[in-house]
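Here are the chains, one letter per residue:
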Amino acid sequence: MACIIGVRFREVGKIYYFDPDGQELEKGEHVIVETSRGVECGEVAMANRSIPDEEISYPLKKMMRRATEEDLKRVSDNKEKEAKAFDICVKKIREHKLNMKLINVEYTFDNNKILFYFTADGRVDFRELVKDLAYVFRTRIELRQIGVRDEAKMLGGLGICGRPFCCKTFLGDFQPVSIKMAKEQGMSLNPVKISGTCGRLMCCLKYEQEAYTDLLRRTPKTGAIVNTPDGKGTVVDVNLITGILSVTLQKSPGAAPRTYKAADVTLIKDGQIRVDKAEMERLKKLEKN
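Along every chain, residues carry numbers that run from 1 in the direction the sequence is written. Two thresholds apply to this predicted model, a pLDDT of at least 70 for residue-level local features and 80 or more for giving and counting side-chain atom pairs, whereas whole-chain, interface and lining totals are computed over all residues. Only heavy atoms go into the side-chain values, all of them from the structure, while hydrogens and water stay out.

### Examining the sheet that holds strand β3 (residues 30-35)
Strand pairing is assigned whenever DSSP identifies at least 2 bridges connecting the two strands. The numbering of helices and of strands both runs from the N terminus, where a helix is a DSSP run of H or I of at least 4 residues and a strand a run of E of at least 2. In space, the five strands of this open sheet follow the order β2-β1-β4-β3-β5, with antiparallel pairing throughout. Pairing within the sheet leaves two strands with one partner each, and these edge strands are β2 (15-18) and β5 (65-66). Pairing of strand β1 (residues 2-8) with β2, which is carried by four bridges, proceeds in the antiparallel orientation. Each bridged residue has a counterpart across the sheet, and for Arg8 the counterpart in β2 is Ile15.

Below is the structure:
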């Protein structure tokens with residue numbers, strides 16, 4: 001077992017483990033630590049706790065110190081610098097006529113590097129832009145191209161549910177979401193109804209997938225052959241939540257389907273949920289990051 005603290009460097013960002021160096025820290029405190037980007041100021045998102053060694057990526061770096069008032073003032077000053085750097089970079093992008101959209105700017109705590117995050121439809125030759133920015137700011141410059149999901153996480157906004165984006169409020173990492181999930185949950189494969197503001201599949205499709213997977217395991221699917229109290233039939237519609245099936249009986253194929261509870265029928269041959277190639281081709285962009 002190892003004693004660690006969890007530190008976050010962005011709002012709702014990923015949590016990284018550090019050695020507290022024998023100090024007791026509370027959630028919400030700020031600490032100075034060394035990262036791959038250099039010295040950074042982060043917020044304690046997880047107070048001291050012991051976790052199994054196999055959950056740690058060694059070597060585990062030690063916390064340098066608690067953040068002082070001077071450290072916190074530097075963080076505040078960096079925020080002001082980032083706003084000015086954003087405006088300057090936007091102007092430079094226009095001057096170089098680059099097809100890219102600036103999303104965010106970050107100063108490292110020690111001011112040794114400025115990171116500019118942008119989106120673009122394809123590759124962008126920004127070498128001349130980097131030279132211009134380095135000349136203006138006299139420090140290391142790094143441009144990072146990000147996806148539309150990362151853009152939504154950085155900028156925030158309201159989803160179609162009327163609530164703030166999940167990625168902005170509590171999702172630390174993006175979970176893989178697929179067209180198959182939408183199909184299994186009985187949703188219309190209309191891009192407008194299954195995609196978020198970012199234009200990709202809604203993250204919330206993941207939340208109930210485990211429950212739907214369990215229900216699908218216990219409920220006959222559309223196309224299944226079942227034995228009902230009134231004879232054999234084919235399932236033509238399923239309500240997974242209520243467990244109600246609509247079944248067309250073999251003895252009266254032209255009649256209206258009858259409804260049965262899933263517990264009242266016996267499965268003979270199950271159906272399959274498929275997304276055909278045409279649908280996958282039409283919707284595959286929604287699965288990208």
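### Things to note about the packing of aromatic side chains
Centres within 6.5 Å are what make two rings of Phe, Tyr or Trp a pair, Trp counting through its six-membered ring; a difference in plane orientation under 30 degrees is then read as stacked, over 60 as edge-to-face, and the rest as tilted. Applying the stated criterion across every chain yields a total of five aromatic pairs. Aromatic side chains Phe9 and Tyr16 sit 5.9 Å apart centroid to centroid with 45° between the ring planes, which places their arrangement in the tilted category. Pairing Phe116 with Phe137 gives two aromatic rings, centres 6.2 Å apart and planes at 45°, and the pair type is tilted. One end of the pair, Phe116, is in strand β7 (residues 113-119); the other, Phe137, is in helix α2 (residues 127-137), and 21 residues separate them in sequence. The rule is simple: take the accessible area with a 1.4 Å probe, protein chains only, and divide by the maximum for that residue type; under 20% is buried, over 50% is exposed, in between is partly exposed. For Phe116, a relative accessible area of 0% corresponds to the buried category. Stacked on the ring of Phe174, the Lys or Arg Lys153 has its end atom at 6.0 Å from the ring centre. Throughout this description, the term charge over a ring refers to an Arg CZ or Lys NZ atom that lies within 6 Å of the ring centre and within 35 degrees of the ring normal.

### What about the pairing of strand β4 (residues 38-51)?
Relative to β4, β1 runs antiparallel, the two sharing six bridges. Bridging across to β4, Gly6 finds its partner in Met46. Adjacent in sequence and paired antiparallel, β3 and β4 are bridged by two residues.

### A few points about a nonpolar patch on the surface
Only residues whose relative accessible area exceeds 30% and that form no salt bridge enter a patch; like-charged residues are grouped when within 9 Å of one another, and nonpolar side chains (Val, Leu, Ile, Met, Phe, Trp, Tyr) when within 5 Å. Surface accessibility follows the Shrake-Rupley procedure with a 1.4 Å probe radius. Residue values consider only the protein chains on display as shielding. A side-chain nitrogen of Lys or Arg and a carboxyl oxygen of Asp or Glu constitute a salt bridge if their distance falls within 4 Å. Taken together, Ile88, Tyr135 and Val136 make up a surface patch of nonpolar side chains, about 270 Å² in accessible area. Following the sequence through the fold, Tyr135 ends up in helix α2. Relative accessible area serves as the criterion here: at 58%, Tyr135 is assigned to the exposed category.

### Some remarks on the environment of Tyr107
Relative to the assigned elements, Tyr107 resides in strand β6 (residues 101-107). Judged by its relative accessible area of 13%, Tyr107 falls in the buried class. The spacing of Tyr107 and Glu40 is 67 residues in sequence and 9.9 Å in space, taken between C-alpha atoms. For Tyr107, the residues in contact, after removing those within four places along its chain, are Asn78, Lys81, Glu82, Ala85, Lys113, Ile114 and Phe137. Contacts are residue-level and defined by heavy atoms, with any inter-residue pair within 4.5 Å sufficient.

### Section: the layout of surface pockets
Counted as a void, the largest pocket has a volume near 1,600 Å³. Going through the elements one at a time, β2, β3, β4, α1 (69-95), β6 and α3 (148-155) are the ones with two or more residues in the lining of the largest pocket. For the lining of the largest pocket, the element with the most residues is β4, which contributes six residues. We call Asp, Glu, Lys and Arg charged. Ala, Val, Leu, Ile, Met, Phe, Trp, Tyr, Cys and Pro are nonpolar, and the rest, Gly among them, are polar. When the residues that make up the lining of the largest pocket are grouped by side-chain class, the tally is 21 nonpolar, nine polar and 19 charged. Both site types are read off a 1 Å grid over the protein atoms alone. A 1.4 Å probe that fits but cannot get out defines a cavity, while an open set with protein on both sides within 12 Å along at least five of seven lines defines a pocket; lining residues have an atom within 4 Å of a point. Grid points are joined across faces, edges and corners, and a volume is the space filled by probe spheres set on the points.

### Considerations on α2
What α2 keeps buried is the set Leu129, Leu133 and Phe137. Projected down its long axis, α2 shows its buried positions confined to an angular sector of 50°, all on one face. Counted as exposed and oriented over 90 degrees from the buried face of α2: Arg127, Lys131 and Tyr135. Arg138 sits one or two positions beyond α2 and adopts a positive phi of about 55°. An arc is given here, and it is the one of the directions from the helix axis to the C-beta atoms.

### Points about the pattern of salt bridges
Counting across every chain of the model gives 20 salt bridges. One salt bridge in this structure joins Arg65 and Asp71, with 2.9 Å as the shortest N-O distance. For Arg65, a relative accessible area of 33% puts it in the partly exposed group. Judged by its relative accessible area of 6%, Asp71 falls in the buried class. We note a salt bridge from Arg144 to Glu142, for which the minimum N-O separation is 2.5 Å. Salt bridges sharing common partners tie together Arg10, Arg37, Glu40 and Glu106.

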